[in-house]
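Given next are the chains, with one letter for each unit.
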Amino acid sequence: MSTAREQPDPRATLRGGLPDRYLTPDDIAETFDVPVETVYQWRKKRTGPPGFRIGKHLRYDPADVHAYVDQRKAEDAAA
């Protein structure tokens, strides 16, 4: 039985449609199965999905993450 406090798996949410909330660095790390430190390094190097700050908190728009994945797939297919 699920409780209202449980968060859905971000990978399943992205596959099934866009979630109704912005994603956290932990969500991104879980989605791509990488350490959260890798997510911060991507941001520092500007190589990962684009994020933005709300105050001191880093967030990711699911639409931007989805576009980033599509772009990476297209680049990989063209290589």
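Preceding this section is the structure that the text describes.
Rules behind the numbers
- Residues numbered from 1 in each chain as written.
- Predicted model: local features only at pLDDT ≥ 70, side-chain atom pairs only at ≥ 80, totals over all residues.
- Heavy atoms only, no water.
- Helix = DSSP H or I, 4+ residues; strand = E, 2+ residues; numbered from the N terminus.
- Buried < 20%, exposed > 50% of the residue type's maximum accessible area, 1.4 Å probe, protein only.
- Phe/Tyr/Trp six-rings, centres within 6.5 Å; stacked < 30°, edge-to-face > 60°.
- Polar contact = N/O pair within 3.5 Å; in protein donor to acceptor, adjacent residues only side chain to side chain.
- Axes fitted to C-alpha atoms, helices over the stretch in contact; angles between N-to-C directions.
- Parallel < 35°, antiparallel > 145°, perpendicular 65-115°, else oblique.
- Contact = heavy atoms within 4.5 Å.
- Nonpolar A, V, L, I, M, F, W, Y, C, P; charged D, E, K, R; others polar.

A. Looking closely at unusual backbone geometry. The phi torsion at D33 lies on the positive side, around 55°, for a residue other than glycine. The residue D33 is located in the loop between α2 (25-32) and α3 (36-45) in this model. For D33, a relative accessible area of 67% corresponds to the exposed category. We note that R46 has phi near 60°; this positive angle belongs to a residue other than glycine. Overall, the relative accessible area of 77% leaves R46 in the exposed class.

B. Expanded view of α2. Buried within α2 we find P25, D27, I28, A29 and T31. Remark: D33 follows α2 within two positions and exhibits a positive phi of approximately 55°.

C. Fine view of the packing of aromatic side chains. Applying the stated rule across the entire model yields three aromatic pairs. Ring geometry for F32 against Y68: centres 6.4 Å apart, planes inclined by 85°, an arrangement best described as edge-to-face. Of this pair, F32 sits in helix α2 while Y68 sits in helix α4 (residues 62-78), placing them 36 residues apart in sequence. In this structure Y68 comes out as buried when scored by relative accessible area, which is 12%. By way of ring pairs, the aromatic residues F32, W42 and Y68 are connected into one cluster.

D. The side chain of T31, seen in detail. Among the secondary structure elements, T31 is positioned in helix α2. Classification of T31 by relative accessible area gives buried; the value is 15%. Among the polar contacts listed, one links the side chain of T31 to the backbone oxygen of D27, at a separation of 2.7 Å.

E. Spatial organisation of the side chain of D27. Tracing the chain through its elements places D27 in helix α2. Among the residues examined, D27 registers a relative accessible area of 11% and is labelled buried.

F. Molecular detail of the packing of α2 against α3. The contact between α2 and α3 brings their axes to 8 Å, and the two run at 105°. When the axes of α2 and α3 are compared, the pair comes out roughly perpendicular. Along its contact with α2, which presents P25, D26, I28, A29 and F32, the element α3 presents V36, V39, Y40 and W42. Residues of the contact of α2 with α3, tallied by class, amount to eight nonpolar, no polar and one charged.

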